[in-house]
Every structure is written in C-alpha cells, then in structure tokens.
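A structural walkthrough
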Amino acid sequence: MTYFRAPTSFLPPLSILSTHTTASMQDALQELKDLYFPAAALPPKRTGSKNAVPALKQDISDTIHVPRPKRTGRLNHSDDVPDSGYASEEDEAEMEGESESEAEGLDPDVLRSDELERNFAIRWLTGLIKRSDTWIHALDSAPEQEEHIRLAVIEEASKLLARFSGDDEQQEDALTRQFMFPFGAGGKPITIELNDAPLAPTDHTSVGLQSWASAIIFAERFCANPTRYMSIPQGAAPLRVLELGAGTGLLSIATARLLDRMGVDATIVATDYHSAVLHNLLQNVKTNNVSVQIESLDWSRPPPLEPCDVILGADVVYHPEHAKWIKDCVEKALKKGGVFWLIIAMRSSGRHEGLWETVDDVFPDGECGFSRNEGCGGEMKLAVLHKEDVGRREGIGRADEVGYRLFEIRWLPCRYCR
C-alpha cells in the first residue's frame with residue numbers, strides 16, 4: 001500500500017511564497033494530485049477537457065451516460081487566504097520531522113476522507129491563486145521562459161482547485177453522443193456517433209476529448225452547404241483535407257461522410273497532439289467506419305506537411321501563442337488555391353477571454369488589404385478573406401461563450417501587387 005503525507009505537513013507556507021522555487025511548487029501540486037486524484041483510479045480512456053458541450057437539440061438523440069465511481073461528500077469552498085505560516089521556523093522544522101515519521105502510517109483513504117486536510121488544501125490553492133502575481137514576478141532577473149513555466153503552474157493550481165470544488169463533477173461521466181446534421185437541400189442527414197471522454201484533473205492539454213460547440217456549429221454549416229466550404233479540385237487528383245486539433249474528430253468524420261455522399265475522392269487527415277486524444281479519436285473513426293487518417297502533430301514544431309486543399313480548425317486557440325503556431329502549420333500545408341476554415345469561440349471571461357483576437361493579430365485582414373513589405377515582390381500572404389460572427393445557439397456551448405467567429409483564410413497578394 002502507498003502512503004502519503006498530510007497536506008498540512010507538505011504544502012509550502014504562503015506567507016513566504018516569493019521564496020519558493022518553481023520546482024517546489026510543482027512538487028507540491030503533484031503530491032496533492034497523487035493524493036486526491038490518483039491517475040491509477042482513472043478509466044483507461046480518461047483525460048482532460050472542459051465542460052462537455054450539449055449538442056444541438058435537433059441533432060442529438062439517446063445520449064448514453066457511462067457512470068464512473070464518484071467520491072462521496074462535497075467540500076466547503078472557502079475564499080479565505082491561508083497564510084500557511086503555521087509557526088516559527090523552528091516549529092515548522094519540528095512539524096516537518098513529525099510528518100516524515102508519520103508518513104509511513106498515513107493510509108491515503110484515511111487522508112482523503114479527512115475534511116480538515118481537504119479544506120486546508122482548498123484554502124491553500126485559493127491563496128496561491130490570489131497571490132500568484134507575487135510569485136510569478138518574484139525573480140527580477142528570471143528569463144521570460146521561467147515566468148511562462150510559473151504561469152503554467154498557476155493554471156494547474158486553478159484546475160486542481162476546480163476539481164476540488166466540484167465545478168466539473170457533472171462532467172465526470174463519459175458520453176456517447178449521436179449527431180444528425182441536415183445534408184444539402186433536403187438530403188438524407190449526415191449521422192455521426194462520438195465518444196466524449198470526461199475531464200482529468202491532472203492534465204489540461206487534452207481538451208480534445210470532448211466535442212466543443214464551435215465544431216458542432218461548423219459541422220452543421222458545411223453539411224448544409226458543402227460546396228461553400230469545400231474546394232473541390234478539378235481533375236483526377238483527390239481532395240486533401242487536414243484538420244488541426246481534431247479532438248473527437250467531429251469535423252473530419254463529418255467531412256468523410258459528406259464527401260463520400262458526394263462521390264468525391266478525398267484523403268482526410270485528422271491531427272492532434274495528446275496521446276489520449278489520439279486514442280479516443282481513433283476509436284471514434286472506427287465507430288463511424290470512415291476513411292480518416294490519424295496523425296500526431298505538434299504545432300510548435302511542425303514537420304514538412306503535404307499540400308492540402310482544405311484545412312479545418314475548430315476552437316483550437318487556448319494560449320496567445322497558438323494562433324502563431326497554427327499559422328506556421330497552415331503556411332507549410334495549404335495549397336495556394338486552398339482555404340483554411342477556422343472557427344473560434346468568443347469567450348467573455350476566464351483565462352481564455354479575448355483569445356479569438358489573437359487570430360486577427362496573426363492573420364492580416366485581406367478584405368481591407370495589407371501593406372506591402374519592403375522587397376515584397378508580389379509574394380502572397382495568408383490573410384483573412386472573410387470573417388463572420390455567429391451568435392449563440394440555445395442549448396449549445398459553455399456559459400462563457402458569447403458567440404463564435406468563423407474565419408475564411410486564403411493566400412492573397414498584397415494590395416499593391418494585385
């Protein structure tokens with residue numbers, strides 16, 4: 001049996017927060033995760049996402065809940081800022097020695113059921129988040145990379161706090177979701193069945209385990225009007241479609257169904273980065289019996305990519321750097337006559353607030369024209385040919401999503417070289 005220390009014995013005092021190293025804070029969070037949310041207790045296919053997105057009411061039937069064991073009891077969330085300066089330096093040393101001697105006798109089940117310890121952990125996380133600016137900027141001469149690492153630590157603390165406080169408790173069930181999208185003008189609907197896996201508290205990078213509202217809205221659009229969104233090549237060459245951040249595979253699977261219905265020869269490649277997301281994506285492709293290739297792709301270090309006619313991306317910007325990375329990928333992969341369709345949720349609050357604007361920062365507005373760079377020489381640039389704001393739909397999307405922005409991005413010459 002594995003034994004653990006009590007949170008009151010190992011969480012670093014917040015009264016001297018600025019003195020704690022990045023490694024010590026990472027270790028403290030990891031020890032909390034190992035104690036309260038051990039990875040071994042998770043189902044094999046379980047990893048992270050945000051709130052599951054309810055699908056369009058007319059598009060879903062028979063949502064099947066797959067129950068998982070839930071912890072009993074709820075925690076009282078306190079907003080008090082704990083000092084965690086339990087005692088003098090000597091007393092703290094004495095306490096640390098006691099905790100080490102007691103560690104061999106602390107059963108994790110007993111610790112997890114101790115409300116005092118759980119509540120202390122919650123208060124400590126709350127205090128850490130409230131004082132995060134002090135800690136992030138504590139090292140005046142620290143490289144910028146160190147600040148980014150500390151920001152990531154605070155994000156992990158926020159997710160762990162949300163897990164403790166039960167914010168995602170209702171998303172702890174896996175869902176088998178069935179979508180039905182109208183095809184063209186009165187055609188037989190496109191049907192898709194997907195597994196949406198639940199959130200894992202220990203990993204924020206696997207948001208692709210659930211189907212997000214932006215993907216649902218865009219899938220409905222291009223199924224209803226496929227020629228608007230798919231550049232069908234002339235001649236014998238098959239259409240090549242690439243999806244970035246495919247997640248559950250909704251857009252890739254819908255595209256495969258759609259083009260098969262239209263009799264269009266196509267190669268469809270669905271990409272993601274996180275191993276658990278790729279595993280779930282593979283299962284969804286098999287479930288729907290469609291021809292979709294699955295590949296791992298790291299946006300920050302994209303390899304050479306085959307030229308594509310169409311690139312798709314839905315809700316793929318969760319960090320200020322993501323839009324830039326995505327542009328790098330599209331520059332490597334999009335044919336000169338191709339199109340990149342990108343739909344982003346516009347979030348009004350939280351740490352993802354305003355991130356849709358980073359797309360405008362990276363891709364110039366082709367409708368207004370963009371300035372010629374010195375020595376342009378007629379070089380084409382990726383630019384936004386058209387963008388459209390789509391309003392919220394009843395019964396779909398998260399509470400912080402005020403709408404969605406759809407970008408049509410193509411290779412365009414600068415206005416002086418047209």
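Residues numbered from 1 in each chain as written. Predicted model: local features only at pLDDT ≥ 70, side-chain atom pairs only at ≥ 80, totals over all residues. Heavy atoms only, no water.

Let's talk about the pairing of strand β10 (residues 401–413)
Across the 13 residues that make up β10, a large majority, 11, are buried. Alignment of strand β8 (residues 334–347) against β10, held across eight bridges, turns out to be antiparallel. Bridging from a neighbouring strand, Arg347 pairs with Glu401 of β10. Alignment of strand β9 (residues 380–391) against β10, held across 11 bridges, turns out to be antiparallel. Across the sheet, the residue bridging to Gly391 is Gly403, located in β10. (Buried < 20%, exposed > 50% of the residue type's maximum accessible area, 1.4 Å probe, protein only. Helix = DSSP H or I, 4+ residues; strand = E, 2+ residues; numbered from the N terminus. Pairing = 2+ DSSP bridges.)

Things to note about the environment of Phe179
Here Phe179 shows up in strand β2 (residues 174–183). The class for Phe179 is buried, based on a relative accessible area of 2%.

Details of the nonpolar core
The biggest cluster of nonpolar side chains holds 45 residues, and the ones touching the most others in it are Phe181, Ile192, Phe218, Phe222 and Leu250. For this core, the element with the most residues is helix α8 (residues 213–224), which contributes eight residues. Dropping the residues within four chain positions of it, Phe218 is found in contact with Tyr229, Leu251, Leu312, Trp341, Ile343 and Leu406. Within the second largest apolar cluster, 29 residues are counted, among which are Val269, Ala323, Leu334 and Ile344. (Core = buried A, V, L, I, M, F, W, Y, C linked by side-chain atoms within 4.5 Å. Contact = heavy atoms within 4.5 Å.)

Considerations on the pattern of salt bridges
This model, assessed by the stated rule, comprises 17 salt bridges. Across the salt bridge formed by Arg347 and Glu401, the nearest N and O atoms sit 3.0 Å from each other. Of this pair, Arg347 sits in strand β8 while Glu401 sits in strand β10, placing them 54 residues apart in sequence. Here Arg347 falls in the buried class, since its relative accessible area comes to 2%. Assessed through its relative accessible area of 1%, Glu401 is described here as buried. In this structure, Lys387 and Asp360 form a salt bridge, with 2.9 Å as the shortest nitrogen-oxygen distance. Placement of Lys387 in strand β9 and of Asp360 in helix α13 (residues 357–362) is noted, with a sequence separation of 27 residues between them. A single salt-bridge network, built from bridges that share partners, covers Asp360, Lys387, Asp389 and Arg405. (Salt bridge = Lys/Arg side-chain N within 4 Å of Asp/Glu carboxyl O.)

Brief notes about the packing of aromatic side chains
Scanning all chains against the criterion turns up nine aromatic pairs. Judged by centre distance (5.3 Å) and plane angle (75°), the ring pair of Phe218 and Phe222 falls under edge-to-face. Placement of the pair is Phe218 and Phe222 together in helix α8, with a separation of four residues, close to one helical turn. On the basis of relative accessible area, Phe218 is assigned to the buried category, the value being 1%. The class for Phe222 is buried, based on a relative accessible area of 0%. Seen from their ring centres, Phe218 and Trp341 are 6.2 Å apart, and the 40° between their planes marks the pair as tilted. You can see Phe218 sitting in helix α8 and its partner Trp341 sitting in strand β8, a full 123 residues away along the chain. Since its relative accessible area comes to 2%, Trp341 is described here as buried. Taken together, the aromatic side chains of Phe218, Phe222, Tyr229 and Trp341 make up a single cluster linked through ring pairs. Positioned above the aromatic ring of Trp411, the side-chain terminus of Lys336 is 4.0 Å from the ring centre. (Phe/Tyr/Trp six-rings, centres within 6.5 Å; stacked < 30°, edge-to-face > 60°. Lys NZ or Arg CZ within 6 Å of the ring centre and 35° of its normal.)

What about the side chain of Arg405?
In this structure, Arg405 sits in strand β10. In this structure the side chain of Arg405 is engaged in a polar contact, spanning 3.4 Å, whose partner is the side chain of Asp360. Reaching out from Arg405, the side chain makes a polar contact with the side chain of Asp389 at a distance of 2.6 Å. Apart from residues lying up to four places away in sequence, Arg405 is in contact with Leu342, Ile343, Ile344, Met346, Trp356, Asp360, Lys387, Glu388 and Asp389. (Polar contact = N/O pair within 3.5 Å; in protein donor to acceptor, adjacent residues only side chain to side chain.)

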